[in-house]
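Below, each chain spelled out in residue letters.
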Amino acid sequence: MKHTPLPVPTWLRSMVSQLPVWPPSMVAAQALNRLWWPMVDGETRQALSGRVVVLQVDDLGLSFRLMAQPQGLAPAPGGQPATLTLRASAPVYWRLLQGQDDPDTLFFDRLMVMEGDTEFGLLLKNTLDAVGPPRWPFGRTTTAQAGAAHARR
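In what follows, the accompanying structure is described. (Residues numbered from 1 in each chain as written. Predicted model: local features only at pLDDT ≥ 70, side-chain atom pairs only at ≥ 80, totals over all residues. Heavy atoms only, no water.)

In this section: the overall build of the protein. From N to C terminus, the protein includes 7 helices and 5 strands. Overall, the protein shows an N-to-C arrangement of helices and strands of α-α-α-β-β-β-β-α-α-β-α-α. Taken over 153 residues, the protein has a buried fraction of 38%. Intrachain contacts of the protein at a sequence separation of at least 6 include 70% that bridge at least 24 residues. (Helix = DSSP H or I, 4+ residues; strand = E, 2+ residues; numbered from the N terminus. Buried < 20%, exposed > 50% of the residue type's maximum accessible area, 1.4 Å probe, protein only. Contact = heavy atoms within 4.5 Å.)

Moving on: the pattern of salt bridges. The tally for this structure, following the rule as stated, stands at 5 salt bridges. Where D129 meets K125, a salt bridge forms, and the shortest distance between an N and an O atom there is 2.7 Å. With D129 and K125 both in helix α6 (residues 118–131) and 4 residues apart, this pair spans about one turn of that helix. Look at D129 and you get partly exposed, because its relative accessible area is 32%. Given the relative accessible area of 11%, K125 is considered buried. (Salt bridge = Lys/Arg side-chain N within 4 Å of Asp/Glu carboxyl O.)

Below, the discussion takes up the nonpolar core. Residues W36 and M112 are the most contacted members of the largest nonpolar core, which totals 26 residues. Among the elements of the structure, α2 (22–35), β1 (52–57), β2 (62–69), β4 (84–88), α4 (90–98), α5 (103–108) and α6 are those that each provide at least two residues to this core. With 4 residues, the top contributor of residues to this core is α4. Every residue in contact with W36, bar those within four places of it in the chain, is listed here: L48, L73, L124, T127, L128, V131, G132 and P134. (Core = buried A, V, L, I, M, F, W, Y, C linked by side-chain atoms within 4.5 Å.)

Quick look at the environment of V21 now. Relative to the helices and strands, V21 is located in the loop between α1 (10–17) and α2. V21 sits in the partly exposed class, given a relative accessible area of 29%. Between the alpha carbons of V21 and P75 there is a distance of 8.6 Å; along the sequence they are 54 residues apart. Ignoring anything within four residues of it in the chain, the contact list for V21 reads S63, F64 and R65.

Among all residues except glycine, the phi angle is most often negative; among peptide bonds, the trans geometry is most common. At R110, a residue that is not glycine, the phi angle is positive and equals roughly 60°. Along the polypeptide, R110 turns up in the loop between α5 and β5 (113–116).

Here's what the structure looks like:
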């Protein structure tokens, strides 16, 4: 399937990229703490802890700075350098979260780019592979199914 970036105007992407990183990072951390972190084993949590991961959503101009700690993910302090940066478009991240694509495919097809500590990046990629996509509390419906259910109401 083709992964095309969202058609976001340049001016909007530029404006979004100037917004503070902390609020979206807090939202992402809380969501991942509920949906993904509980599936990560204790040993892997320790190995991931204390390092900053930046998720850049290129087509939206949005960045998330996250740091894993044994008790969960949190927004990373601004002054601490990133150990790893992942870059992709919003549709690519969405497909990863939905379990429609695996991390290997995204990296090999260069739809997701990893920069920084390659050993840590491999640990994170292997964790994503082992754990799989987050467990959504509302089930695994597609966007079309959700839209159809909403239209029937």
